[in-house]
Amino acid sequence: AALWRNFFPFLKSLRLSQTPPSQLADTAAGYTLLALDIPSSAPLELQPQPFVSMMQLYGWDDMVTPQLVCRYLSHLIANRTLTEALNGIGNAAYQALSIRTWSRCVLQMYVDQPVGGTIRTDTEQSSLLSEQLTELTRLVFKLPEVENMFVKAQIEPASYKQDPKSALLQFFQVVGI
């Protein structure tokens, strides 16, 4: 309760920062897991399902920067306990929300890129985002909903592990089928 009361307001105030520190995603993921383990300790504003509220604040909000979202969701999509809890409360929409957020991040990353261009990794920040987006892409393609779509479309996922842009195009192709 002391963590929620004393540190969470500060954590929440950084959520919409245009240049959030990378540790913010790590800390927010930790708070999400804390909300899962001890839901009664979370503040009233996050109740009745504080871990879902945390996912909405840091993972699925379109106002949060791709850098924060990619790192945050990469921590949590791979967490079996969290995904089982989301499924257990009947919130299978987490997969759709995570897919939508992933596609937003890929599109935002390529908005200013020329056609046929690659991700600019000339700065440390863009290089880090590229790595995080690649990891999130790998995890999104492991979601049961995505795997089922590929099976139904009878398409083998290609080289999505290395190129989020190609993965998004392939995903759109599968959705079209």
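Every value quoted in this text rests on a predicted model; they were computed, and no experiment measured them.

Glancing now at the nonpolar core. In a soluble, globular protein the nonpolar side chains are often hidden away together inside. Ranked by internal contacts, the top residues of the largest apolar core, which has 51 residues, are Phe8, Met54, Tyr58, Tyr72, Trp102 and Val140. Among residues more than four places away in sequence, those in contact with Tyr58 are Phe8, Leu11, Lys12, Arg15, Ala28, Val64, Leu68, Val69 and Tyr72.

Attention shifts here to the side chain of Thr137. Within the secondary structure, Thr137 sits in helix 8 (residues 124-140). At a separation of 2.8 Å, a polar atom in the side chain of Thr137 contacts the side chain of Trp102.

Before going further, it helps to spend a moment on the packing of helix 4 (residues 50-58) against helix 6 (residues 80-88). Contact pair helix 4 / helix 6: the axes reach a minimum separation of 11 Å and the direction vectors enclose 105°. One finds that helix 4 runs roughly perpendicular with respect to helix 6. Packed against helix 4, whose contacting residues are Phe51, Val52 and Met55, the element helix 6 presents Leu82, Ala85 and Leu86 at the interface.

With that settled, the discussion passes to helix 3 (residues 22-37). A turn of α-helix holds 3.6 residues, and therefore any two residues three or four places apart point the same way. Taking 1.5 Å as the rise per residue, helix 3 with 16 residues should run 22 Å; its terminal C-alpha atoms sit 24 Å apart, in good agreement. In the core, the buried residues of helix 3 are packed alongside helix 1 (2-6), helix 2 (8-13), helix 4, helix 5 (66-77) and helix 6.

Okay, helix 4 next. Counted residue by residue, helix 4 has eight buried out of nine residues, so it is predominantly covered. Along helix 4, the residues that are buried comprise Pro50, Phe51, Val52, Ser53, Met54, Met55, Leu57 and Tyr58. Summarising the contacts, the buried residues of helix 4 are in contact with helix 1, helix 2, helix 3, helix 5 and helix 6.

What counts, and at which threshold
Residues numbered from 1 in each chain as written. Predicted model: local features only at pLDDT ≥ 70, side-chain atom pairs only at ≥ 80, totals over all residues. Heavy atoms only, no water. Core = buried A, V, L, I, M, F, W, Y, C linked by side-chain atoms within 4.5 Å. Buried < 20%, exposed > 50% of the residue type's maximum accessible area, 1.4 Å probe, protein only. Contact = heavy atoms within 4.5 Å. Helix = DSSP H or I, 4+ residues; strand = E, 2+ residues; numbered from the N terminus. Polar contact = N/O pair within 3.5 Å; in protein donor to acceptor, adjacent residues only side chain to side chain. Axes fitted to C-alpha atoms, helices over the stretch in contact; angles between N-to-C directions. Parallel < 35°, antiparallel > 145°, perpendicular 65-115°, else oblique. Expected span 1.5 Å × (residues − 1).

Structural measurements only, silent on function.
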